[in-house]
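# Geometric and topological summary
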Number of protein chains: 2
Amino acid sequence: MRRVVLTAALFAAATAFAQQPPAAPAKARSMQEILDASAPADWRDLDPANTLYLELDSGRVVIELAPHAAPEHVANIRALAKGRYWDGLSINRAQDNFVVQWGDPAEEEAKRKPLGEAKARLPAEFTFGAKGAPFDRLPDVDGWAPEVGFSAGFPAARDPRRGIAWLAHCYGAVGAGRDVAPDSSNGSELYVVIGQSPRQLDRNITVVGRVVHGIERLSVLPRGTGPLGFYEKAEQRVPIRSIRLGSELPAGERLPLQALRTDTALFAELVESRRNRRDAWYQTPAGHIDLCNVPLPVREKPTKQ
Amino acid sequence: MRRVVLTAALFAAATAFAQQPPAAPAKARSMQEILDASAPADWRDLDPANTLYLELDSGRVVIELAPHAAPEHVANIRALAKGRYWDGLSINRAQDNFVVQWGDPAEEEAKRKPLGEAKARLPAEFTFGAKGAPFDRLPDVDGWAPEVGFSAGFPAARDPRRGIAWLAHCYGAVGAGRDVAPDSSNGSELYVVIGQSPRQLDRNITVVGRVVHGIERLSVLPRGTGPLGFYEKAEQRVPIRSIRLGSELPAGERLPLQALRTDTALFAELVESRRNRRDAWYQTPAGHIDLCNVPLPVREKPTKQ
């Protein structure tokens, strides 16, 4: 008799707190059953030109970039990767229940690694125009935004009144660190959320993508003991072997990753399977799901389908 | 120029998404300024009889138990600790963005460590009566429950219509693993939330307390590669040196921990300082805070005040 908490690492209403969750459909499929029944068209290939491979001694972390949300930052990050900017730099910060962050640890401007072809300063890209931007809306209420959902597969929020949308700080979100000035980021300092979604950062900093593979290589890093979780000693920093665009890697060194599309009936069914859990273990289906609890499955493309 | 994401590890609207966050008060204090101005009466001493010390090779993790929420489970956990039940057992599971879990790794009932004076089975304590139970309500909307707040200092939710309350699965929540039967837990298998709040577990499993010190010793553990994040090999498990009640330790070996009270004007000011961040870095205060983003400060009692 092994007591377990049933899995929710891949988790998946309309109103705040459904007092009576809807009755179970005659045949509610589990997330695994839904994924097993997926068709090739339910998945999309990641674009190698917008995929970053962060190579650590412990292995690989893969990030999908979001050019539709932060075009200038993504262009700069691509220039930095092409210029081998991060190779030999390090992860310098790991703050529990918040973020891991990497870049140039040098404090003094004069000692910092040159940015090469990349720009030193970019406009803030905290939000983007909602008009024409993809947005697959969740019906669930959210305290941080009028609407939440997925934009090109990334957790996102939208304010129709203002005509703006933005990527949300869920677990795995990748953003561009900045100073006090809103336009002080250039993408050379990147952070990844490794804790409870810090949604207060939404609309305050530029989100550039999300981790789609290997986040556990970041989330287990020893926490820094300095202010804000910075490592206090140089030898505590975690070396970065390289960061490369997938399009720069030989095809055989890329992972053939696919993400589940968020604009399909299959995805809607998957979300519902997590909003109201119907397996025997659950006594009380929640009748709600938070944006940051929705699973966004990623797989390696099957060799035959 | 070091670009950072400003700290939110200790994070702090009444309605969903305030379109216009309230204007800043003339002198909005930061969380640190508020804590620095706190009086001794703003803090409460942890009760050593309801405090667990989990000793690992890497150091100490301290848990505050919640007897008002789960009296039978807490009584059983106290009996297990007094009987040295966990000493020599191990952490057997670490699932990324979900939980770390410990107990007896033996699969077969016959090989499992005897529970001693503790009971083998307890009633489910998924909720408790709201009447008379402490509850310091947050005004912020929540999708998982009609009301959220803090009950005796623990993140909690409440349904006035049904007259029930329950502890919420926020980062650091400690719960009692169970099998499919609702009354199959006894507190010998405990898990800690180390990722995005899995609130779908609320009202489905018994929450017994929360980690108040040293959670980073759990959150950095290597993730298990078996199903549900269980370690696949015995040597991967993390040994537990001991688990003791504070009241069983010599006074000199206890930490003199104090938690910030949640029923004070000072705490309300602290929450507001996190709901609407007023420092120079933030461009757009959120006008909202999620239950699981509210900081619950814990300190060692000052030797003089």
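Chain A appears in an unreviewed UniProt entry as peptidylprolyl isomerase from Vulcaniibacterium thermophilum.

## What to know about the interface of chain B and chain A
Many descriptions give the size of an interface as the accessible area lost when the pieces come together. At the interface, 79 residues of chain B touch 79 residues of chain A. Overall, the association of chain B and chain A removes approximately 7300 Å² of surface from exposure, summing both partners, and the carbon and sulfur fraction of that is 52%. Joining chain B to chain A, the criterion identifies zero salt bridges.

## Let's talk about the sheet that holds strand E4 (residues 90-94) of chain A
Residue and element names in this part refer to chain A. Taken together, eight strands build a closed barrel; the order of strands is E2-E3-E13-E11-E12-E5-E4-E14 and the barrel is antiparallel. Averaged over neighbouring strand pairs, the angle between their axes works out to 35° when direction is ignored. The sheet contact formed by strand E11 (residues 173-176) and strand E13 (residues 206-213) spans four bridges and is antiparallel. Across the sheet, Gly-175 pairs through a bridge with Val-207, a residue of E13. Along the sheet, helix H2 (residues 71-82) contacts strand E2 (51-56), strand E3 (59-65), E11, strand E12 (190-193), E13 and strand E14 (238-245); its crossing angle with E14, the most-contacted strand, is approximately 110°.

## Here's the deal with the nonpolar core
A general feature of soluble globular proteins is that nonpolar side chains tend to end up buried together. By size, the foremost hydrophobic cluster in this structure holds 36 residues, and its most contacted members are Trp-86, Ile-91, Trp-102 and Leu-218 of chain B. Among residues more than four places away in sequence, those in contact with Trp-86 of chain B are Ile-77, Leu-80, Ala-81, Trp-102, Gly-103, Gly-187, Ser-188, Leu-190, Ile-240 and Ile-243 of chain B. Core analysis: the next-biggest nonpolar cluster, separate from the first, contains 35 residues, Ile-63, Leu-80, Ala-176 and Leu-190 of chain A among them.

## Notes on the UniProt feature "domain: PPIase cyclophilin-type" (unreviewed entry) in chain A
UniProt marks residues 59-245 of chain A with the feature "domain: PPIase cyclophilin-type" (unreviewed entry), using the numbering shown here. Summarising residues 59-245 of chain A: 9% helix, 33% strand, and an end-to-end C-alpha distance of 16 Å.

## Quick notes on helix H4 (residues 265-275) of chain A
Of the residues making up H4 of chain A, those classed as buried are Leu-266, Phe-267, Leu-270, Val-271, Ser-273, Arg-274 and Arg-275 of chain A. Here the buried face of H4 of chain A lies against helix H1 (31-36), strand E7 (136-138), strand E8 (147-151) and strand E15 (257-260) of chain A.

## Topic: the pairing of strand E10 (residues 164-167) of chain A
Residues and elements named next belong to chain A. Relative to E10, strand E6 (residues 128-129) runs antiparallel, the two sharing two bridges. Considered in E10, the bridge of Gly-129 is made with Ile-164. Here strand E9 (residues 154-159) pairs with E10 via four bridges, running antiparallel. When the bridges of E10 are listed, Asp-159 appears paired with Ile-164. The turn joining E9 and E10, which pair antiparallel and follow one another in sequence, is formed by four residues; a positive phi near 70° is taken by Gly-163.

## Examining the relation of the copies chain B and chain A
With an RMSD of 0.0 Å, chain B superimposes on chain A once it is rotated by 180° and translated 0.0 Å along the axis. Expressed as an axis order, the relation between the two copies is that of a two-fold axis. The fraction of interface residues of chain B whose copies in chain A are also interface residues reaches 100%, indicating that both copies meet through the same surface.

## Quick look at the sheet that holds strand E14 (residues 238-245) of chain B
All names here are of chain B. Spatially, eight strands are ordered E2-E3-E13-E11-E12-E5-E4-E14 in a closed barrel, and the strand pairing comes out antiparallel. Neighbour to neighbour, the strand axes of the sheet diverge by 35° on average, direction disregarded. Here four bridges tie strand E4 (residues 90-94) to strand E5 (residues 99-103), and the two strands are oriented antiparallel to one another. Across the sheet, Ser-90 pairs through a bridge with Gly-103, a residue of E5. In the packing of helix H2 (residues 71-82) onto the sheet, contacts are made with strand E2 (51-56), strand E3 (59-65), strand E11 (173-176), strand E12 (190-193), strand E13 (206-213) and E14, and the angle to E14 comes to roughly 110°.

Reading guide: rules and limits
- Residues numbered from 1 in each chain as written.
- Chains lettered and ligands numbered in written order.
- Predicted model: local features only at pLDDT ≥ 70, side-chain atom pairs only at ≥ 80, totals over all residues.
- Heavy atoms only, no water.
- Contact = heavy atoms within 4.5 Å.
- Buried area = accessible area lost by both parts, 1.4 Å probe.
- Salt bridge = Lys/Arg side-chain N within 4 Å of Asp/Glu carboxyl O.
- Pairing = 2+ DSSP bridges.
- Helix = DSSP H or I, 4+ residues; strand = E, 2+ residues; numbered from the N terminus.
- Axes fitted to C-alpha atoms, helices over the stretch in contact; angles between N-to-C directions.
- Core = buried A, V, L, I, M, F, W, Y, C linked by side-chain atoms within 4.5 Å.
- Buried < 20%, exposed > 50% of the residue type's maximum accessible area, 1.4 Å probe, protein only.
- UniProt positions renumbered as here; feature names shortened; annotations may be inferred.
- Least-squares fit on C-alpha atoms with pLDDT ≥ 70 in both.

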